[in-house]
Amino acid sequence: MPELRRIPVNGVELNVALAGSGPAVLLLHGFPHTWELWTEIMADLSDRYRVIAPDLRGFGASGGTASGHDAGTLAEDAAALLTALGVSSAAVVGIDAGTPPAFLLALRRPGLVRRLVVMESLLGRLPGAEDFLAGGPPWWFGFHTAAPGLAETVLEGHEADYIDWFLDTGTLGDGVPPAVRDAFVRAYTGSDALGRAFSYYRALPESALQIERATATARLTVPTMALGARPVGPALERQLRPVTDDLTGHVIEDCGHIIPLHRPQALLALLRPFLDVRPSAVLRKK
């Protein structure tokens, strides 16, 4: 089992899972997840890497604040966490809500991010996701943001049903291990927990503006891998292609949105060679 530590960074205390030793790999989860999303991935990578998996600000057992759920602040949290742990260079892996902060961290701090892996998310309003968004954004984006406090009120007492819908849909009906499911349900039970999580969605316009401004003046120079499944597919790769110098893209077949839980071995088969610090071990698909 990973070691769990509480680490104060950037004005908030993060709950962080740590395992292994070697070059650092930082794992950033999404919604409705906690660090437990990465349990199987951590177990595999920790024989060669120092794996760091925090609960993001306001998620899981990490502290929350009234603001600071935008991608830029979450990227600053990640940078401060690495500094607190004495890490000067890390590979960064993000999925869903963890993708925009991972992207901004790599864009702003290329000396800190050795390699970047992003999955199943979109990067604000960057071009390339038009096909995916043709029918509008996913319905829950509007539900979480339409009227502050409404979603929390409607869902309180029904959190398990709500989380189960995401876990079932995100694995194409296969579901996730019961212990992981129960951890996610506990993390998102109660109006306060839901409100902190939904604050990420309510900050999406600010995050989109941060991404737009950042890519107007800089390019992503670190080696980057974009992974898609269902439903995002290649949309993230298409967004990254015009602003990234070194990009690998893959779509994992027969895989739902929650890649680390639905197809962990397929993910690891792509992660292992890409994270390898030896340049000769990296295979790039142009």
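Attention here is on the structure that accompanies the text. In this text, all values refer to a predicted model and were calculated from it rather than measured experimentally. (Residues numbered from 1 in each chain as written. Predicted model: local features only at pLDDT ≥ 70, side-chain atom pairs only at ≥ 80, totals over all residues. Heavy atoms only, no water.)

So, on to the pairing of strand β5 (residues 90-95). In terms of burial, β5 is a largely internal element, six of the six residues being buried. Of the two faces of β5, the one lined by Ala90, Val92 and Gly94 and the one lined by Ala91, Val93 and Ile95 are each fully buried. Following the backbone out of β5, through helix α3 (residues 99-108) and into the adjacent parallel strand β6 (residues 113-119), one traces a crossover that is right-handed. (Buried < 20%, exposed > 50% of the residue type's maximum accessible area, 1.4 Å probe, protein only. Helix = DSSP H or I, 4+ residues; strand = E, 2+ residues; numbered from the N terminus. Right-handed = clockwise from strand over helix to strand, strands pointing away.)

The next thing to look at is the packing of aromatic side chains. Counted under the stated rule, the structure contains 18 aromatic pairs. With a centroid separation of 5.5 Å and an interplanar angle of 90°, the aromatic rings of Trp139 and Trp140 are classed as edge-to-face. Since its relative accessible area comes to 18%, Trp140 is described here as buried. Arranged with centres 6.3 Å apart and planes meeting at 50°, the rings of Trp140 and Phe141 form a pair that is tilted. Here Phe141 falls in the partly exposed class, since its relative accessible area comes to 28%. Sitting over the ring of Phe274, Arg115 keeps its end group 5.4 Å from the ring centre. (Phe/Tyr/Trp six-rings, centres within 6.5 Å; stacked < 30°, edge-to-face > 60°. Lys NZ or Arg CZ within 6 Å of the ring centre and 35° of its normal.)

A few words on the side chain of Thr224. Tracing the sequence through the fold places Thr224 in strand β7 (residues 224-230). Note on Thr224: relative accessible area 0%, which makes it buried. Not counting residues within four places of it along the chain, the set of residues in contact with Thr224 comprises Leu116, Leu240, Thr244, Asp246, Leu247, Thr248 and Phe274. (Contact = heavy atoms within 4.5 Å.)

This paragraph deals with empty space enclosed by the protein. Scanning the entire structure with this criterion turns up one cavity of 30 Å³ or more. By volume, the largest cavity amounts to about 50 Å³. With three residues, the top contributor of residues to the lining of the largest cavity is helix α2 (residues 71-84). Classifying every residue of the lining of the largest cavity gives six nonpolar, no polar and three charged. (1 Å grid on protein atoms, 1.4 Å probe; cavity = no way out; pocket = protein on both sides within 12 Å on 5 of 7 lines; lining within 4 Å. Points joined across faces, edges and corners; volume = space filled by probe spheres on them. Nonpolar A, V, L, I, M, F, W, Y, C, P; charged D, E, K, R; others polar.)

Time to look at the nonpolar core. Trp38 and Ile52 are the most contacted members of the largest nonpolar core, which has 95 residues in total. Counting residues per element, this core draws most heavily on α2, at seven residues. Beyond its immediate sequence surroundings of up to four residues, Trp38 is in contact with Leu27, Leu28, His29, Ala53, Val93, Ile95, Met119 and Pro260. (Core = buried A, V, L, I, M, F, W, Y, C linked by side-chain atoms within 4.5 Å.)

As a further point, take helix α8 (residues 191-202). Helix length check: α8 (12 residues) gives 15 Å between terminal C-alpha atoms against 16 Å at 1.5 Å per residue, within 8%. For α8, the set of buried residues is Ala193, Leu194, Gly195, Ala197, Phe198, Ser199, Tyr200 and Tyr201. (Expected span 1.5 Å × (residues − 1).)

Packing of helix α6 (residues 159-169) against helix α7 (residues 178-187) leaves a shortest axis separation of 9 Å and a crossing angle of 130°. Our classification of the angle between α6 and α7 gives oblique. The hand of the α6/α7 crossing is right-handed. Facing Ala160, Ile163, Asp164 and Leu167 of α6, the residues of α7 in contact are Arg181, Phe184 and Val185. (Axes fitted to C-alpha atoms, helices over the stretch in contact; angles between N-to-C directions. Parallel < 35°, antiparallel > 145°, perpendicular 65-115°, else oblique. Left-handed = near helix turned anticlockwise from the far one by under 90°.)

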